[in-house]
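Residue strings, one per chain:
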Amino acid sequence: MSTPLRVLVVDDELAMRESIAAWLVQDGHQVGKAEGGREALGLMEQREFDLALVDIKMPGMDGIELLRRVKESHPDVLVIIITAYGSIESAVDAMKAGASDYLLKPFDPEHLMLLLEKMGRQKRLMQENKMLRQRLAEGQMAGFEDLVGGSPAMLKVFGQIEEVAATEAPVLIVGETGTGKELVARAIHNRSSRSFGPFVAINCGAQSESLLESELFGHERGAFTGAVKARRGHLEMADGGTLFLDEVGDISQKMQVALLRVLENGSFLRVGGGDPLTSDFRLICATHRDLPELIAAGDFRQDFYYRINVFSLTVPPLRQRREDIIPLAEHFIAVFSRETGKPPPELDDKARQALLSYAWPGNVRELRNIMERAVIVRRGGLIKLEQLAFLEEGPKSGSAPLRLAEIETEHIRRILQAHQWNITQAAAILGIDRTTLARKIKKAGLRSP
Amino acid sequence: MGSESDMSSRVMLPPQVEVVPFGLVSSTAAQVVAANLQALLELNVLVVQPWPEPAHALVAARGQYDAGLILKDLAATEGAPLRLGLMGKDLCLPFLTYVLGESQLGGRAAVMSLHRLSDGEGGGRTTRHLMLERAAKVGLHEIAHVLGLEHCRAAGCLMKFSAGPAGLDRLRMGFCPVCQRELTRLKIELA
């Protein structure tokens, strides 16, 4: 979609100038008008413009001369040259002189819109890059939507998000577990024209094939045992918005075929349904798996891969962006401190060193969990090395792994201790209601000291 | 839908929008456009007797009509309701090869053409039902411009720009929440 731009229309023909300007205003752009090169340069001194639409043939200073002067005095202003049929050579000269593009009069409306979208994207990327470079140079903690990071690797990701958000292309996000693939997908959605629509996420790896089919496509009443009433699927729910398929590498070939059919035909049936339904969604997929390898092994369909991988974006693991570790840790400390109502503690030097030297197999999610615990168990205003669970407990060889229920009990015990056994506060932090927490306390045999 | 007299007998209040057919244009299309303006924008709409085709707006070299010149005719009458011209012939602007519709943003008039709305995929023709649906979408889009609404970036919103008929088919028959809110505000100002 085109970003609103500040456009200067330069044309000596009044009717042409006015009608182009009126059309651009209707499209949401801010528009200035000039009947010649001199007036245009004067206006550029008074106001900032993103784009100049310049007629090539004008009395006095012609379009090419104006283009050269604009590029000297206002290099950030994009220039599109307007030319008539038969003067294509002049358009080529204009491109050589630095024009971003050219338009042949009269313009095809679709072409004009696509060109404005392209200019909008170019301008946004220029601004974003400028801002990110500035932040990096100032050593500030950089952030983008809910993503934190100022490393070159993350700046590249932010730039790619900006670029792809402006399109409707399906996106494949690749990255190790815990790198923040869903946050990237949300950032793309939030910055896209679909941000008013829903963001519907589903983890394909956590479902059986039949459950995933029902979750995605919905079902009619009586479609299978237990289907006591009709239910909309995620495809329907994503209408007008974005559908995010997490762990897409885990879905069966049968489901790949079914989804491929939806992407190709734009219609689908609910499980047990007979009426085709349509849904207008943008597809974003994510995986931690090597899909080309799965294709080679015959476990993933190549045609489906090509459909979902129009634009590929790789989220780097935390170990490849170590400069982001401390800003991320401080970010999580601030977030969890707000939740617990305590002032945010600081990391002491040993804790910092430990965080920086750790391998982070669980990536940002692991860092988040460690900082959540550290905020709870710390004493005073410092987080110390011994409060970082991964280092304290370490990969002790030979120690028996804990069972899931034991980990849950231990976590509940720590949260309760940190909050002096205040059930309401502890339940809020654990994200469960008081009754559930009371039941778990009773079941685990926990007692207040 | 009925004739002008039928429509005016149901509309008790003076019309806020007049749909003005030019020459021999489908009366069904005019009524469908009017009905949708009335239903979705909640404006009193009247389809008036056809005006003659605006010969002075014909751009002979292009075989099309200049939408800008037609807008001036439609907006000329002081104190008249907002007007939506309905052409069967193709429209253009001096700088655009064609337009499906054109309007004065926050002004008095808009004009639209049915000429391209029957275009189907691969050079074929689409169904009459789809043509009428497209006409209703163009009419709503253009009158919303006249009320003061600019283009919208939200997918599926009726105020999203569509260069051609295929783009219209991707729009819903309605406005996004932001445009809907803005329309409500603009209509209060109009009242």
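Cut-offs and rules
- Residues numbered from 1 in each chain as written.
- Chains lettered and ligands numbered in written order.
- Predicted model: local features only at pLDDT ≥ 70, side-chain atom pairs only at ≥ 80, totals over all residues.
- Contact = placed C-beta atoms within 7 Å.
- Helix = DSSP H or I, 4+ residues; strand = E, 2+ residues; numbered from the N terminus.
- Nonpolar A, V, L, I, M, F, W, Y, C, P; charged D, E, K, R; others polar.
- Pairing = 2+ DSSP bridges.
- Core = buried A, V, L, I, M, F, W, Y, C linked by C-beta atoms within 7 Å.
- Buried ≥ 20, exposed ≤ 12 C-beta atoms within 10 Å, placed from the backbone.
- pLDDT = per-residue confidence, 0-100.

Turning our attention to the interface of chain B and chain A. With 24 residues of chain B at the contact, the number on the chain A side is 22 residues. Elements supplying a minimum of two residues to the side of chain B that touches chain A: β6 (91–93), β7 (96–99) and α6 (177–190) of chain B. Here the side of chain B that touches chain A takes 4 residues from β7(B), the largest share from any one element. Across the side of chain B that touches chain A, the residue classes tally to 15 nonpolar, 6 polar and 3 charged.

Bringing the pairing of β7(B) into the picture now. The side chains of a regular strand alternate between both faces of the sheet. Residue and element names in this part refer to chain B. Bridge count for β6 against β7 is 2 bridges, and the pairing is antiparallel. By the bridge assignment, leucine 93 is partnered in β7 with leucine 96. Connecting the antiparallel pair β6 and β7 is a turn made up of 2 residues.

Right, let's talk about the nonpolar core for a bit. Counting 94 residues, the largest nonpolar core has A:Ala52, A:Leu53, A:Ile81, B:Val19, B:Leu86, B:Val111 and B:Ile143 as the members making the most contacts within it. For this core, the leading source of residues is helix α4 (residues 128–147) of chain B, giving 10 residues. In this structure, A:Phe217, A:Leu328, A:Leu367 and A:Leu437 belong to the second largest nonpolar core, which totals 69 residues.

The subject of this paragraph is the confidence of the model for chain B. Residues and elements named next belong to chain B. Residues of chain B with pLDDT of at least 70 account for 93%, and the chain-wide mean is 90. Across residues 1–11 the pLDDT falls below 50, and counting only partners more than four positions away or on other chains, this stretch makes 12 contacts in the model. ipTM for the predicted complex: 0.84, alongside a pTM of 0.55.

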